[in-house]
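Chain residues, written in single-letter form:
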Amino acid sequence: MNTTLTVVVLSSIGFFSGLMIYVVSKVLPKEDKSLAEAARIKEFLPGADCGACGHPGCFAYAQAVAHDKQVFAKTPCPVLSQDKDGMKRLEDYLGLKAEAGVGKKAVVHCTGGSHAIADYIGVQTCAAAVQLASGFNECPYSCIGLGDCVRVCPTGAMSIDQEKHVAVVDWETCIGCGLCVAACPQGLTELIPADTPQYLACNYQVKRDIPGRKRCPDGCIHCHICEKVSLEGAVTWDEKKDLPIFHVDQIDTAIEKCPRHVIRKTAAYEEKEEAVGSVQETN
Amino acid sequence: MNNLFVIFFSMALVNNMILAKFLGLCPFFGVSKKTKSAVSMGLAVLLVMLVASAVTWPIYYYILVPYGVEVMKTVIFILVIASLVQIIEMAIKRTNLTLYNALGIYLPLITTNCAVLGITFINVDQTYTFLESVFAAAGAGSGFLLVLLIMSGIRERLELSDTPIAFKGTPIAFITAMLLGLSFLAFQGMV
């Protein structure tokens, strides 16, 4: 075997490979300019990849914004809009103002008042537990409390109340991405407009009643009193579930009159209270 | 034709790259935590294996053998496969962005993956013809994809199950791999 030949073969193949890379890079169409722009925009985004904006991940959103800046103006990143400084940096970079929407927040329609009627030693997820006889709680609609929603939450807004075994949402950190809505096998989490002052903390659907399983002492008894005492249109009735739906109007009388005290106030309620209080003070 | 299918299935199941030949173990443990990334990685390996086999075969038989420099095959195959992966990555990035997002980050990882280099050596050792080499690569790639998919499915469930604390994470993954290898042992002697 010839040493020179070895060197020649190796270097010529190496040279040819290098040449091929060069030729291919020249022949192929140029890289999409918006891609580099999208990479720069992504630097401003929080990188939660939650999909709350309706795009599959932060980079896809950055690409959409790079193509059309109005996407950001109309549907600003819901995670970023929690952070005023970060929002301003991206607004300055793009040179436009984003419409500040109300946004959405998650609520859990359960008080956790139902107690366990069986020991569960299976796979420790809600989805697995529900498949076994609608969960191990007395109420078949109740929160299982094994934290499927906690695991999917990108910001850690979800937690399990260890005392009552029920999921609770921290509205301060909730970004309204809706991942917990998809994760809950009981369908207890729901996104509501962030200025809704109250929500029903129960999901007991009498029309889908399960024999031998009762609602908890806190559960809605479908008495319609909240509908009766409130202004027209403030409370509507979901006939399918046989449960009331609350809207943005504050319904103090209903919260007081509810025989089970199952209408819970949200963070938005307290804000409104404070606003009223401060007006009175200035007067 | 029959011969080609025998090669395909023997490379996919009997002589599985991971479980029988112990090649490509780093992605087997590194990228098998989630099914989605495992599938992307498996597809990228399949693609690179196919192209690498198709390119290294003529280089070996038309350049290395006539000049009598077969000893150089390791370094030359590495060189060729590395530049090939560069070209593929560039081509995918410029033409199909969706595919790039799915495969792109895994392609540079496997430039000189031992499973990819391994299949080209197997082709040479077994003196396969060109078509046989391509089928062997397709079989090896599909086998790799299959095992990665099975492993990731099991590991996703392991995350939720009640494993002893000492075994949590990688140790239980090693034990799972052992059991998976034992079950694939049943294919021995089929071809």
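Note that the coordinates shown come from a computational prediction; the quantities given were computed from them, not determined experimentally.

### A closer look at the overall build of chain A
(1) Moving on: Scanning chain A from terminus to terminus reveals 11 helices and 8 strands.
(2) Moving on: For chain A, buried positions account for 31% of its 283 residues.

### A look at the overall build of chain B
(1) Moving on: Within chain B one finds 8 helices and 0 strands.
(2) Moving on: N-terminal to C-terminal, the α/β element order of chain B is α-α-α-α-α-α-α-α.
(3) Moving on: By residue count, 37% of the 191 residues in chain B fall in the buried class.
(4) Moving on: Of the contacts formed within chain B by residues at least 6 apart in sequence, a portion of 76% connects residues at least 24 apart.

### Remarks on the environment of B:G118
Residues and elements named next belong to chain B.
(1) Moving on: For G118, the location among the structural elements is in helix α6 (residues 114-125).
(2) Moving on: Sequence separation of G118 and K21 is 97 residues, and the distance between their C-alpha atoms is 9.3 Å.
(3) Moving on: The residues touching G118, leaving out its near neighbours within four places in the chain, are M17, K21 and L23.

### A closer look at unusual backbone geometry
(1) Moving on: Phi at A:S134 takes a positive value of approximately 55 degrees, unusual for a residue other than glycine.
(2) Moving on: The exposure class assigned to A:S134 is partly exposed, which follows from the 17 C-beta atoms found within 10 Å.
(3) Moving on: With a phi close to 45 degrees, B:T127 is a non-glycine residue in the positive phi region.
(4) Moving on: The exposure class of B:T127 is exposed, given the 9 C-beta atoms found within 10 Å.

### Quick word on the interface of chain A and chain B
(1) Moving on: If you look at the interface, chain A gives 18 residues, while chain B gives 19 residues.
(2) Moving on: For the side of chain A that touches chain B, the class distribution of residues is 11 nonpolar, 6 polar and 1 charged.

### Considering the confidence of the model for chain A
(1) Moving on: Mean pLDDT over chain A stands at 82; residues scoring 70 or higher make up 94%.
(2) Moving on: Ranking the elements of chain A by mean pLDDT puts helix α11 (residues 267-282) of chain A last, at 60, and strand β3 (residues 166-169) of chain A first, at 91.

### Looking at the nonpolar core
(1) Moving on: Grouped together as the largest cluster of nonpolar side chains are 58 residues, with contacts concentrated most on A:L45, A:A62, A:V108 and A:L200.
(2) Moving on: Those elements giving two or more residues to this core turn out to be α2 (33-44), α3 (58-67), β1 (104-108), α6 (126-131), β3, α8 (179-183), β5 (198-200) and α10 (252-257) of chain A.
(3) Moving on: Among the elements that take part in this core, α3(A) stands out by supplying 5 residues, more than any other.
(4) Moving on: Each of domain 1 (34-94) and domain 2 (104-276) of chain A contributes no fewer than three residues to this core.
(5) Moving on: Not counting residues up to four positions away in its chain, the partners in contact with A:V108 are A:C143, A:V166, A:A167, A:V168, A:V169, A:L188 and A:T189.
(6) Moving on: Counting 49 residues, the second largest nonpolar core, distinct from the first, contains B:L13, B:L23, B:A52 and B:I119.

### Points about the pairing of β3(A)
Residues and elements named next belong to chain A.
(1) Moving on: In terms of strand pairing, strand β2 (residues 158-161) meets β3 through 4 bridges, oriented antiparallel. Paired with D161 across the bridge in β3 is V166.
(2) Moving on: Turn length for the β2-β3 hairpin, with the two strands adjacent in sequence and antiparallel, is 4 residues, and the turn residue H165 shows positive phi of about 55 degrees.

### Brief notes about helix α1 (residues 2-14) of chain B
Residues and elements named next belong to chain B.
(1) Moving on: If you check α1, its first and last C-alpha atoms are 17 Å apart, about what 13 residues at 1.5 Å a residue would give, namely 18 Å.
(2) Moving on: Within α1 the residues assigned to the buried category are I7, F8, M11, A12 and L13.
(3) Moving on: Where α1 is buried, its residues meet α7 (130-160).

### Remarks on the pairing of strand β6 (residues 235-238) of chain A
All names here are of chain A.
(1) Moving on: Across 4 bridges, the pairing between β6 and strand β7 (residues 243-246) is antiparallel. Looking at β7, one finds that D238 is bridged to L243.
(2) Moving on: Linking β6 back to β7 in an antiparallel pair, the connection comprises 4 residues, with D242 at a positive phi of about 60 degrees.

### Structural notes on the packing of helix α4 (residues 73-95) of chain B against α6(B)
Residues and elements named next belong to chain B.
(1) Moving on: α6 packs onto α4 with a crossing angle of 130 degrees between their chain directions and a minimal axis gap of 11 Å. In terms of their interaxial angle, α4 and α6 are classed as oblique. α6 is crossed by α4, and the crossing has right-handed handedness. Residues K73, F77, I78 and I81 of α4 form the contact with α6, whose participating residues are V116, L117, T120 and V124.
(2) Moving on: For the contact of α4 with α6, a count of residues per class yields 6 nonpolar, 1 polar and 1 charged.

Definitions and cut-offs
- Residues numbered from 1 in each chain as written.
- Chains lettered and ligands numbered in written order.
- Predicted model: local features only at pLDDT ≥ 70, side-chain atom pairs only at ≥ 80, totals over all residues.
- Helix = DSSP H or I, 4+ residues; strand = E, 2+ residues; numbered from the N terminus.
- Buried ≥ 20, exposed ≤ 12 C-beta atoms within 10 Å, placed from the backbone.
- Contact = placed C-beta atoms within 7 Å.
- Nonpolar A, V, L, I, M, F, W, Y, C, P; charged D, E, K, R; others polar.
- pLDDT = per-residue confidence, 0-100.
- Core = buried A, V, L, I, M, F, W, Y, C linked by C-beta atoms within 7 Å.
- Domains from an automatic or database assignment.
- Pairing = 2+ DSSP bridges.
- Expected span 1.5 Å × (residues − 1).
- Axes fitted to C-alpha atoms, helices over the stretch in contact; angles between N-to-C directions.
- Parallel < 35°, antiparallel > 145°, perpendicular 65-115°, else oblique.
- Left-handed = near helix turned anticlockwise from the far one by under 90°.

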